Amino acid sequence: SGGSGGGATKPAFQASSLWMAGAGAQGVLHSYRTSWQGSFSFEQVNGKEMLTSMFLEPGYFPVDVLEFTPGDKTRQTYRMGGGFATELDGDFLVLGGKASYSASNYAKRKDIRHTTYGMSLRVEPTVTFKMYDKAGMSIAYIFRKRTESIDAEQVGAATDQSYYAFLDKGLRYGTYQVWDGDGLHLDEAGVGVFPVKEYAHGVGYILEVPEFSSGIEALWKRGYVGEKGYDWFRYPGSELKLFMERKWTRQNLRLEMMLQDDQLEEAVLDKVSAGGVTTPEVYGYNAVSDRIWGSVDLTYGVRFAQGHLKRLQAVLHGGFWTEKSYLMYPFTDRNDRYNASATLVAAFAFGRVDVGLRVNGGIGRWKEQGLQGGTDEVLTKPYRLQFDWDRKMEYFSTSKLGTGLTLAYHLKAVPGASIQAEGTWLHGFGIVLLPGADRWSTTLKIGYDF
């Protein structure tokens with residue numbers, strides 16, 4: 001696959017223009033009483049005029065590190081996955097499991113330059129009990145680990161005072177100073193990088209009966225920012241997901257719900273020197289921010305046996321976010337956000353040509369409490385990167401309308417081979433702070449089914 005994209009209706013951390021290339025393979029093998037599956041993929045993305053977040057997935061962790069020098073960035077991502085299922089005990093019991101792993105590196109070669117390394121691992125051993133034909137229940141244990149580390153540096157003749165960075169501790173409140181200052185932890189003695197690691201354990205359950213299935217997944221996670229005793233932050237959290245699906249001969253209706261939360265705490269940390277050796281000492285943790293967010297998705301699909309129209313699918317989505325900041329006592333702030341969107345997808349077949357059409361639109365709203373709690377005795381307010389926050393809220397809340405077209409051609413001369421081209425366009429309404437109102441992308445894929 002390969003493609004490009006650009007446009008100005010985007011979060012600040014996205015590229016003004018980009019190109020990408022990738023390749024992947026996946027397969028399934030059925031043997032006696034056992035089935036196997038596996039996959040591998042690689043993708044490289046080069047982006048122009050990129051700045052702000054140094055993380056691979058901005059917003060996933062409750063902290064963020066921002067820089068403000070536009071430059072080119074390159075990201076490479078490797079993904080591997082696999083699983084198996086084997087029948088035991090007269091087809092009544094099925095043992096299985098699946099695992100997925102990804103590794104990424106994200107580099108910027110303009111001061112302040114950085115290289116971000118990320119890893120994600122998820123493992124799910126599963127046991128399934130077959131109750132009768134086409135019915136059963138599955139129970140899984142889930143382990144997940146995610147890590148990212150930011151290695152920042154400055155090269156060149158510029159002074160140390162030339163480049164600034166910002167450590168976001170929630171709602172864009174945080175520390176803004178020279179990039180190698182102690183308050184940012186990007187270049188601190190004893191650590192040298194900005195590391196984040198997260199561990200999660202949980203359970204999953206799925207029930208399947210003819211024409212109906214449902215499931216639930218619950219995870220409890222704990223994250224840390226720092227290493228070698230320098231645990232600057234920690235954050236506990238949880239995730240809950242569930243779904244229900246009803247199937248008919250050519251129709252299906254699926255409901256999905258998700259709820260997540262985490263609480264960021266900052267360490268009260270001191271460096272203690274004794275005998276020429278300096279060690280960190282953590283005296284406790286202060287609550288800095290917390291957030292909770294969730295979503296509801298309702299999907300209806302129908303397939304057609306005759307005619308050129310093969311499938312229609314409609315998706316309704318609703319989401320909410322609530323974030324609170326207590327960075328500097330006695331000041332507090334709170335932000336509530338809501339969004340809704342609708343997507344309609346139609347798939348057609350004309351001989352060897354498949355056509356896909358998509359139309360989507362969305363709206364968002366947000367409300368902020370504003371900084372409260374100050375007194376005459378406490379006049380120093382927590383610092384906020386206000387312009388970046390306002391731009392983020394505009395991108396979230398502006399009404400958007402998008403469309404996409406996909407064309408796939410199945411080669412007659414090479415059975416199993418296909419060529420697919422896709423184009424998308426997005427328009428935002430009422431843009432004030434963002435540099436433009438449109439965003440587009442194009443993708444070309446060549447595939448072969450053995």
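Before any of the text, the structure's been laid out above.
Residues numbered from 1 in each chain as written. Predicted model: local features only at pLDDT ≥ 70, side-chain atom pairs only at ≥ 80, totals over all residues. Heavy atoms only, no water.

The next subject is the pattern of salt bridges. According to the stated counting rule, one finds 26 salt bridges in the structure shown. Taking the shortest distance from any N to any O, the salt bridge between glutamate 57 and arginine 146 comes out at 3.1 Å. With glutamate 57 in the loop between strand 3 (34-53) and strand 4 (64-88) and arginine 146 in strand 7 (residues 135-153), this pair connects stretches of sequence that are 89 residues apart. A salt bridge links glutamate 256 to arginine 254, with the nearest nitrogen and oxygen atoms 3.4 Å apart. Connected through shared salt-bridge partners, Arg144, Glu198, Lys221, Glu239, Asp262 and Arg291 make up one network. (Salt bridge = Lys/Arg side-chain N within 4 Å of Asp/Glu carboxyl O. Helix = DSSP H or I, 4+ residues; strand = E, 2+ residues; numbered from the N terminus.)

This paragraph deals with unusual backbone geometry. Cis geometry marks the peptide bond from aspartate 111 to isoleucine 112; its omega dihedral reads -10 degrees. Following the sequence through the fold, isoleucine 112 ends up in the loop between strand 5 (93-108) and strand 6 (113-132). A cis amide bond, omega 5 degrees, links tyrosine 329 with the succeeding residue proline 330. As for its position among the elements, proline 330 is in the loop between strand 15 (309-325) and strand 16 (333-350).

What follows deals with the pairing of strand 5. Taken together, the 16 bridges between strand 4 and strand 5 define a ladder with antiparallel strand orientation. Each bridged residue has a counterpart across the sheet, and for arginine 75 the counterpart in strand 5 is tyrosine 106. Taking the residues that link successive antiparallel strands as the turn, the strand 4-strand 5 hairpin has four residues, and the phi of aspartate 89 there is positive, at about 55 degrees. Here strand 5 runs beside strand 6; their pairing, made up of 16 bridges, is antiparallel. Within strand 6, the residue paired with serine 104 across the bridge is glycine 118. If you look at the hairpin formed by strand 5 and strand 6, you'll find four residues sitting between the two strands. (Pairing = 2+ DSSP bridges.)

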